[in-house]
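Architecture and fold: a report
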Amino acid sequence: MAKKQRAKLVVGNWKMNGSIAENDTLLNGLVQRAATLESRVLLGVCVPYPYLAQVQMQLTGTPIAYGVQDVSAYTHGAYTGDVSARMVAEFGVTLAIVGHSERRTLHTESSKLVAAKAQRALEANIIPIVCVGETLDERRAGQTNTVIHAQLTAVLDTLDKDHVARLIVAYEPVWAIGTGQSATAQQAQQVHAVLRKQLTTRGGIRVPLLYGGSVKPDNAEELFSQVDIDGGLIGGASLSEIDFLAISAGSL
Ligand code: PEP
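Cut-off values and rules
Residues numbered from 1 in each chain as written. Predicted model: local features only at pLDDT ≥ 70, side-chain atom pairs only at ≥ 80, totals over all residues. Heavy atoms only, no water. Helix = DSSP H or I, 4+ residues; strand = E, 2+ residues; numbered from the N terminus. Rg over C-alpha atoms; globule rule 2.2 N^0.38 Å. Buried < 20%, exposed > 50% of the residue type's maximum accessible area, 1.4 Å probe, protein only. Contact = heavy atoms within 4.5 Å. Areas by Shrake-Rupley, 256 points an atom, 1.4 Å probe, with all protein chains shown as cover. Near = heavy atom within 4 Å. Polar contact = N/O pair within 3.5 Å; in protein donor to acceptor, adjacent residues only side chain to side chain. Nonpolar A, V, L, I, M, F, W, Y, C, P; charged D, E, K, R; others polar. Arc of directions from axis to C-beta. Axes fitted to C-alpha atoms, helices over the stretch in contact; angles between N-to-C directions. Parallel < 35°, antiparallel > 145°, perpendicular 65-115°, else oblique. Left-handed = near helix turned anticlockwise from the far one by under 90°. Pairing = 2+ DSSP bridges.

If you tally the helices and strands in the protein, you get eleven helices and eight strands. In terms of C-alpha radius of gyration, the protein reaches 17 Å, essentially the compact-globule figure of 18 Å for 252 residues. For the protein, the spread of C-alpha atoms along the three principal axes comes to 50 × 45 × 40 Å. Taken over 252 residues, the protein has a buried fraction of 52%. Taking contacts inside the protein between residues at least 6 apart in sequence as the whole, the part at least 24 apart equals 72%. On the protein, roughly 11700 Å² of surface is accessible, and the fraction owed to carbon and sulfur atoms is 55%.

Taken together, 14 residues form the shell around the ligand, and within it Lys15, Glu172, Gly178, Ser214 and Gly235 come nearest. Residue Glu172 places a side-chain N or O atom 2.8 Å away from an oxygen atom belonging to the ligand. Between the ligand and Gly178, the relevant distance is 2.7 Å, taken from an oxygen atom to a main-chain nitrogen or oxygen of the residue. Across the complex, the protein chains shield 97% of the 290 Å² of accessible surface that the ligand would expose by itself. When grouped by side-chain class, the residues that make up the shell around the ligand number four nonpolar, eight polar and two charged.

With that settled, consider helix H11 (residues 241–249). Listing the buried residues of H11 in full gives Glu241, Phe244, Leu245, Ile247 and Ser248. End-on view of H11: buried residues confined to an arc of 155 degrees, all on one side of the axis. On the buried face of H11, the contacting elements are strand E1 (8–13), helix H1 (20–34), strand E2 (41–46), helix H10 (217–224) and strand E8 (231–234).

Another aspect to go through is the side chain of Asp228. Residue position: Asp228 is located in the loop between H10 and E8. Side-chain polar atoms of Asp228 contact the side chain of Gln189, separated by 2.8 Å. Not counting residues within four places of it along the chain, the set of residues in contact with Asp228 comprises Gln189, His192, Ala193, Arg196, Arg206 and Leu209.

Here we come to the packing of H1 against helix H2 (residues 52–59). Viewed as axis vectors pointing N to C, H1 and H2 meet at an angle of 25 degrees, and their least axial separation amounts to 10 Å. With respect to their mutual orientation, H1 and H2 come out roughly parallel. Considering how the two elements wind past one another, H1 and H2 form a crossing that is right-handed. Contact residues: H1 offers Ile20, Asn23, Asp24, Leu27, Asn28 and Val31, while H2 offers Gln54, Val55, Gln58 and Leu59.

A word on the sheet that holds E2. Judged by pairing direction, the barrel is parallel, and its eight strands sit side by side in the order E1-E2-E3-E4-E5-E6-E7-E8 before closing back on the first. Adjacent strand axes in the sheet meet at a mean angle of 25 degrees, parallel and antiparallel pairs treated alike. This element, helix H7 (residues 144–158), spans strand E5 (127–132) and strand E6 (168–171) of the sheet and lies at about 150 degrees to E5.

Next comes the structure, spelled out in structure tokens:
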């Protein structure tokens with residue numbers, strides 16, 4: 001009997017892009033065509049906070065999940081500008097990216113802070129997509145495995161076993177994000193295998209591992225066919241309905 005294939009997960013990260021009119025067109029297109037993707041691919045979009053009411057209205061009752069790109073490390077209180085996991089959960093959010101390299105770099109977020117954010121998300125019943133990845137200098141210095149291992153360790157040391165079992169982890173090499181230079185399928189698989197081993201040892205179950213970094217329609221199929229790649233986190237290409245759906249189709 002043929003082995004049942006696990007559903008792939010493809011999540012868009014809109015970053016700081018969009019407008020109510022543009023989102024409307026993109027979301028309508030996704031909803032209309034998502035049905036053609038069969039049930040073996042699950043789609044999600046992570047949007048800027050001001051668009052949560054819009055995605056809630058347009059995606060509730062559809063198979064497309066939605067989420068945010070960050071949550072506060074705190075539950076509530078005097079943290080001006082922060083948005084808590086509990087607040088976004090009120091909009092039906094089920095996913096939250098935490099530890100994206102743009103936040104680690106531009107907002108100097110430490111792995112410890114990222115771990116606290118993952119914990120706050122889980123407490124609000126939101127699945128954190130924990131991003132890890134090395135810089136080009138770190139890769140060239142042969143430090144890739146050490147760097148991603150340490151980034152993930154900070155999260156695993158903070159969460160209890162039940163919470164670890166609900167994580168999604170995204171390997172996003174910093175040098176591949178928004179550069180047009182994706183990791184090769186072999187490079188990505190090699191790192192995913194390291195993450196898989198670390199997670200299996202700590203959590204005991206198969207946590208979904210996404211690859212992110214310049215995924216495009218022409219490289220998605222090869223990346224997603226790797227044994228430890230369970231889907232993708234898609235930045236720039238998720239803003240085009242055609243590209244996002246073509247990438248998702250590549251995961252079938
Ligand atoms: C991202 O921002 O998470 C990302 C993967 O970006 P891009 O696909 O544009 O490289």
